[in-house]
Amino acid sequence: MMGSLMTKIEQIQREIDFSGVTFVKNGESVLIESNTGYANRGDSIKNRKDTRFGIASGCKIFTAVAICQLVEKQKLTFDTKLMECLDISFPYFDENITIHHLLTHTSGIPDYFDEEVMDDFEELWIAKPMYHMRHLEDFLPFFQNEKMKANPGERFHYNNAGYILLGLIIEKVSGQVFTDYVQQHVFDKAGMVDSGYFALDKLPGNVATGYIDYKDGTWKTNVYSLPVQGGADGGAFVSAMDMVKFWDALLSNALLSELVTNQLLFPHVLEDGNDFYGYGVWIAKKEGNIYKYHLMGYDPGVSFHSAFYPQSNITLAICANISKGAFKVMKEIEDELM
């Protein structure tokens, strides 16, 4: 069966000219480990199984775990209000916005990149060059003086700005820079030795460059398309194997207690489609039962999916340094294994 599945995955990878790493485990058994394409096209450096990839919004769960850790330490509660946490002016924000609202994209605040209005992430960097975006507070001018889009708790609306605020709360409460906190309390604890929030102008070795492909066969890198350094709403770099290590640590309660892990993984809110959202994680159900917990991330030159399927104990991570493709690979795996 695995041979047949690998044949199908390789066929899809050829069809879409996939560039990335696919890693699938069932418990301790590795089912699939595939790397294809180039981490650096100009120098013909191929992707390796331990290559680090940008995962865009896929790392919102790291922010959620960090907040949950601070709740466990009784530094915060999920009902703590935004206005109690940050000494920052938000003249039009509702005073009843809570951390729970921010975690579940139900705060109603304006976003700095509103997917209902904008479809090109690069538009943001016209007024403010991306190489100035190094700290969480650099994003505040994009949304802090805008009016609310909805009342807190009224509806789900995917919101990057909410996670910027969560990152600022983590910094204020912990006394650490957000990226340092996640490195110490999430990556290091989970044994994620190949992961980090690397600046695009200070990339270490074995990091895949993101590529934006055009229909005429030309391409460019994404170096001018993203903030120069990722943060609480996205932009970490991980290897596929590290992402599976993260799931293992989370689900074995190595990062949080069982009680708080269950709160993070609880389907708190239903989005417009069929999926639910927990704290930093998507949750899909089938016939009333949880089918999968999953993460996704898309940016120019970034395509990422990772999931845990509780009924089969399968974990997967698909990291790509192109703008699409990870979903198709994941769908083939699901069709064959689930």
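Everything in this summary refers to the structure shown in the same document. (Residues numbered from 1 in each chain as written. Predicted model: local features only at pLDDT ≥ 70, side-chain atom pairs only at ≥ 80, totals over all residues. Heavy atoms only, no water.)

1. Considerations on the overall build of the protein
Point 1. Helix and strand counts for the protein come out as 9 helices and 14 strands.
Point 2. Overall size of the protein, expressed as C-alpha extent along the three principal axes, is 55 × 45 × 35 Å.
Point 3. Split into buried and exposed, the 338 residues of the protein put 56% on the buried side.
Point 4. Long-range pairs, those at least 24 residues apart, make up 66% of the contacts in the protein with a sequence separation of at least 6. (Helix = DSSP H or I, 4+ residues; strand = E, 2+ residues; numbered from the N terminus. Buried < 20%, exposed > 50% of the residue type's maximum accessible area, 1.4 Å probe, protein only. Contact = heavy atoms within 4.5 Å.)

2. Digging into the environment of Ile12
Point 1. Along the chain, Ile12 turns up in helix α1 (residues 2-15).
Point 2. Remark: the alpha-carbon pair of Ile12 and Gly54, spanning 42 residues in sequence, is separated by 22 Å.
Point 3. Not counting chain neighbours up to four residues away, the residues in contact with Ile12 comprise Lys328, Val329 and Glu332.

3. A word on the pattern of salt bridges
Point 1. All told, the structure shown has 9 salt bridges when counted by the stated rule.
Point 2. Note that Lys245 and Asp242 form a salt bridge whose closest N and O atoms lie 3.8 Å from each other. Of the two residues, Lys245 and Asp242 are both situated in helix α7 (residues 240-251); the distance of 3 residues between them amounts to about one turn of the helix.
Point 3. Of the charged contacts in the structure, one is a salt bridge between Lys331 and Asp335, with a shortest N-O distance of 3.0 Å. Linking Lys331 with Asp335, this pair stays in helix α9 (residues 326-337), spanning 4 residues, or about one helical turn.
Point 4. A relative accessible area of 36% places Lys331 in the partly exposed class. (Salt bridge = Lys/Arg side-chain N within 4 Å of Asp/Glu carboxyl O.)

4. A few points about the packing of helix α2 (residues 60-72) against helix α6 (residues 178-190)
Point 1. Remark: α2 packs on α6, axes separated minimally by 10 Å, with the N-to-C direction vectors making an angle of 90°. For the element pair α2 / α6, the angle class is roughly perpendicular. Within the contact between the two elements, α2 uses Phe62, Thr63, Val65, Ala66, Gln69 and Leu70 and α6 uses Phe178, Tyr181, Val182, His185, Val186, Phe187 and Lys189.
Point 2. Class assignment for the residues of the contact of α2 with α6 results in 9 nonpolar, 3 polar and 1 charged. (Axes fitted to C-alpha atoms, helices over the stretch in contact; angles between N-to-C directions. Parallel < 35°, antiparallel > 145°, perpendicular 65-115°, else oblique. Nonpolar A, V, L, I, M, F, W, Y, C, P; charged D, E, K, R; others polar.)

5. Structural notes on unusual backbone geometry
Point 1. Phi at Asn253 is positive, roughly 65°, even though this residue is not glycine.
Point 2. With respect to the element layout, Asn253 can be found in the loop between α7 and α8 (258-264).
Point 3. One non-glycine residue, Asn313, lies in positive phi territory at about 60°.
Point 4. Structurally, the position occupied by Asn313 is in the loop between β13 (302-309) and β14 (314-320).

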